[in-house]
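Results of the structural survey
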Amino acid sequence: MIRTVYVNGDYLPEGEAKVSIFDRGFLMADGVYEVTSVLDGKLIDFDGHVKRLWRSLAELEMTSPISEAELLAMHRELVVRNGIDQGMIYLQITRGNPGDRSFLFPDASVPGTVVAFTQDVPNMADAPAAKTGHKIITIPDLRWGRVDIKTVQLLYPSIGKMAAKKAGADDSWLVDEQGLVTEGTSNNAYIVKGNRIITRALGNDILHGITRAAVLRFAAEAQFEVEERPFTPTEAQGADEAFSTAASIFVMPVVELDGKPVGTGKPGPVATRLREIYLDEMRKAAI
Ligand code: PDD
């Protein structure tokens, strides 16, 4: 089946979709994105993703060429046209095509470019990796200072994923100059000590994860204590459990950090339970 993608109002076969070489997303990484997961053909936490999208655009003084109602209709249309039961929808909005290369932002008459496409992941809720857990390495966090804005500058996260792959691991967690974990390359990072879930507080140094917000809410409802503070890789190695969250992995147990087992070295009960609660609750609320 040839995938149908969305470009600036049109639904096209993926091979026919085109964006200008002058697009600022292509030349300057001047754009923002969202990844929304799909379960049972429905959108998970769409509202949260749109709210963060508006925030990212506002922080970069960009206006959206598409309304919230149009975004929702387009996401649903892509799910239907591509027959997605489980998977993701990638949405990107760039500052558009000013017709040449210039560092200065074009004036507001230049419309942004909107593209979106589906990624089919048939066993996303039941991912085998969730049963074995992720092995993580740590690397320095060398990203720019506004990673709370979900920009398409993903070179360093890509380098982080490659470093993990070369080391025989699944992903990297990033460590700031104080030796504290910020987050994963494309996910938020947590440790568990007894009944307490510890994760870095929101700031400019992490992405404000939509999955994070939901998981912390469910954790509090399930009588876990939530402590928002940073932790070191050493503290994580000595924790009972660790896990990561993102729209692409939901709640993913972490079983090894820099070659040392975390807890028993197997997915822990807290991460496993939070994954179950997250999937149950979000499926109920999906639209
Ligand atoms: N990444 N931190 C970073 C750096 C991320 O890129 C992501 C998401 C998250 C988790 O955010 P959320 O829970 O809203 O998905 C945290 C997406 C999934 C990606 O780039 O594929």
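Counting of residues starts from 1 at the beginning of each chain's written sequence and follows it residue by residue. Per-residue local features of the predicted model are confined to residues with pLDDT of at least 70, and side-chain atom pairs are confined, for both listing and counting, to 80 or more; whole-chain, interface and lining totals are unaffected and use all residues. Side-chain calculation: all heavy atoms of the structure are included, whereas hydrogens and water are not.

1. Topic: a nonpolar patch on the surface
Our working rule: Distance thresholds for patches are 9 Å for like charges and 5 Å for nonpolar side chains (Val, Leu, Ile, Met, Phe, Trp, Tyr), applied to residues having over 30% relative accessible area and no salt bridge. Here the accessible surface of atoms and residues is derived via Shrake-Rupley with a 1.4 Å probe, and residues count as covered only by protein chains that are part of the display. Each reported salt bridge corresponds to a side-chain nitrogen of Lys or Arg within 4 Å of a carboxyl oxygen of Asp or Glu. Helix and strand assignments follow DSSP, with helices taken as H or I runs no shorter than four residues and strands as E runs no shorter than two, numbered in order from the N terminus.
A cluster of nonpolar residues, I21, F22, F26 and L27, forms a patch on the protein surface that exposes about 400 Å² of accessible area. When you line up the elements, F22 lands in the loop between β2 (10–13) and α1 (24–28).

2. Describing the sheet that holds strand β6 (residues 113–120)
The criterion, for reference: Between any two strands, pairing holds if DSSP finds at least two bridges.
Here six strands make up an open sheet; going across it, the order is β2-β1-β6-β5-β3-β4 and the pairing antiparallel. Taken across any chain shown, the strands that pair with only one partner, and hence form the sheet edges, are β2 and β4 (42–43). Across eight bridges, the pairing between strand β5 (residues 87–94) and β6 is antiparallel. Bridging from a neighbouring strand, I93 pairs with V114 of β6.

3. Focus on the pattern of salt bridges
What counts here: Note on exposure labels: buried denotes an accessible area under 20% of the residue type's maximum, exposed denotes more than 50%, and partly exposed covers the range between, all computed with a 1.4 Å probe on protein chains only.
Applying the stated rule across the entire model yields 23 salt bridges. Linking R196 and E225 is a salt bridge whose minimum nitrogen-to-oxygen distance equals 2.7 Å. Of the two residues, R196 is situated in strand β11 (residues 196–199) and E225 in strand β12 (residues 225–228); the sequence distance between them amounts to 29 residues. Since its relative accessible area comes to 32%, R196 is described here as partly exposed. The exposure class of E225 is partly exposed, given its relative accessible area of 39%.

4. Considering the domain arrangement of the protein
Keep this limit in mind: Just so you know, the domain bounds were taken from an automatic or database domain assignment. The contact criterion used is simple: two residues touch if any of their non-hydrogen atoms lie within 4.5 Å. By definition, the buried area sums, over both parts, the 1.4 Å-probe accessible area that each loses when the two are put together.
Segmentation of the protein into domains returns domain 1 (4–120) and domain 2 (129–285). Here the C-alpha centroids of domain 1 and domain 2 sit 26 Å apart. With 22 residues of domain 1 in contact, the opposing surface of domain 2 contributes 20 residues. Counting the surface lost from both domain 1 and domain 2, the interface buries some 1,900 Å², and carbon and sulfur atoms represent 62% of this. Broken down residue by residue, the surface that domain 1 buries against domain 2 is led by Y33, L39 and R52, which jointly contribute 30%. On the surface where domain 1 and domain 2 come into contact, there are three salt bridges. In this structure, D40 engages R283 in a salt bridge whose closest nitrogen and oxygen atoms are separated by 2.9 Å.

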